[in-house]
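Below, each chain spelled out in residue letters.
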Amino acid sequence: GVAGELLPPVRRQLTRIDSNGRHLLQIINEILDITRIEAGKMPMQISQFNVNELIPEVMAELDAVIARSKLTVTPRLSPGMPDVVSDRQKVKQVVLNLLSNAMKFRHQGGIDVAVGYDAVEGMASIAVQDTGIGIAPEHHEKVFEDFRQVDDPPSRQYGGTGLGLAICRRLAATVGGRITLHSTLGSGSRFTLVFPVNAES
Ligand code: ATP
Ligand code: MG
């Protein structure tokens, strides 16, 4: 409406152009991320931060998507947990990707994002649990491969490039961590990022 009144059909078409533009941008960003990591151009940027604070930040970034989906995302924080020393941006990016997948591959129900802390092992964890379509056991390894999307008809209807989890896996490795997956076809998935609370030690 910046340049004047828009007729509803025109507004609809413009909205489609806008949304397709954003989709293209997402694909370009994913490919750039993979390439940057592979080229070793995504160095660690270590800082001290509170893992609990990341969760509302990620939810705020997905605010529009969450509102549109009418799903409830429930943060389960770990208030007593000490600050971690790691790469804040990379940890946040992983949670963002996992949460957007959880929103995408679901039909109804809620999503939980749970922060955990294992003082003995010196590990922090962030688990994203959904009640969505789930992933068959034979695909548990494969979904982390570049450009891999589960081929079953139910997941075909969802867009994307199949790079999100491949990026997550690389980012997790960069911070010395890993991503584990528990999932049952038809009843939901839980992806958990586990990473050292001190990336320097
Ligand atoms: P992109 O992330 O590049 O937009 P994508 O979401 O399809 O595309 P990934 O995030 O790498 O790609 O996920 C790979 C595949 O793993 C998905 O296509 C889907 O088949 C499956 N998958 C990922 N997360 C979930 C989930 N929470 N529930 C069910 N299936 C999932
Ligand atoms: Mg994805």
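Throughout what follows, the structure given in this document is the object of discussion. Given the structure is predicted, the values throughout are model-derived calculations rather than measurements.

**Describing the overall build of the protein**
Point 1. Along the protein, the regular secondary structure elements total 6 helices and 7 strands.
Point 2. Along its sequence from the N terminus, the protein presents helices and strands in the succession α-β-α-α-β-β-α-β-β-α-α-β-β.
Point 3. Reported as C-alpha extents along the three principal axes, the dimensions of the protein are approximately 60 × 40 × 35 Å.
Point 4. Long-range contacts, defined as pairs at least 24 residues apart, comprise 72% of the intrachain contacts of the protein with a sequence gap of at least 6.
Point 5. Accessible area of the protein: about 11,500 Å², with a carbon and sulfur share of 54%.

**Comments concerning the pairing of strand 7 (residues 188-196)**
Point 1. For strand 7, the buried fraction is high: 8 of the 9 residues fall into the buried class.
Point 2. Two elements, strand 6 (residues 178-184) and strand 7, share 7 bridges in a ladder whose sense is antiparallel. Paired with Thr 184 across the strands is Gly 188, a residue of strand 7.
Point 3. Linking two consecutive strands that pair antiparallel, namely strand 6 and strand 7, is a turn of 3 residues; a positive phi of about 90° is found at Gly 186 within it.

**Thoughts on a nonpolar patch on the surface**
Point 1. Among the surface-exposed residues, Leu 7, Val 10, Leu 14 and Ile 17 lie close enough to one another that they form a single nonpolar patch of about 380 Å² accessible area.
Point 2. Tracing the sequence through the fold places Val 10 in helix 1 (residues 8-38).

**Comments concerning the sheet that holds strand 5 (residues 123-129)**
Point 1. Pairing is mixed in the open sheet, where 5 strands are placed in the order 2-4-5-7-6. Either end of the sheet is taken by a strand with one partner, and the two such strands are strand 2 (73-76) and strand 6. In this sheet, adjacent strand axes meet at a mean angle of 15° when their direction is disregarded.
Point 2. Packed on one face of the sheet, helix 2 (residues 51-61) meets strand 2, strand 4 (111-118), strand 5 and strand 7 and runs near 165° to strand 4.
Point 3. Each of strand 6 and strand 7 touches helix 6 (residues 164-174); the most contacted strand, strand 6, lies at about 140° to it.

What counts and what doesn't
- Residues numbered from 1 in each chain as written.
- Chains lettered and ligands numbered in written order.
- Predicted model: local features only at pLDDT ≥ 70, side-chain atom pairs only at ≥ 80, totals over all residues.
- Heavy atoms only, no water.
- Helix = DSSP H or I, 4+ residues; strand = E, 2+ residues; numbered from the N terminus.
- Contact = heavy atoms within 4.5 Å.
- Areas by Shrake-Rupley, 256 points an atom, 1.4 Å probe, with all protein chains shown as cover.
- Buried < 20%, exposed > 50% of the residue type's maximum accessible area, 1.4 Å probe, protein only.
- Pairing = 2+ DSSP bridges.
- Patch = residues over 30% accessible without salt bridge, like charges linked within 9 Å, V, L, I, M, F, W, Y side chains within 5 Å.
- Salt bridge = Lys/Arg side-chain N within 4 Å of Asp/Glu carboxyl O.
- Axes fitted to C-alpha atoms, helices over the stretch in contact; angles between N-to-C directions.

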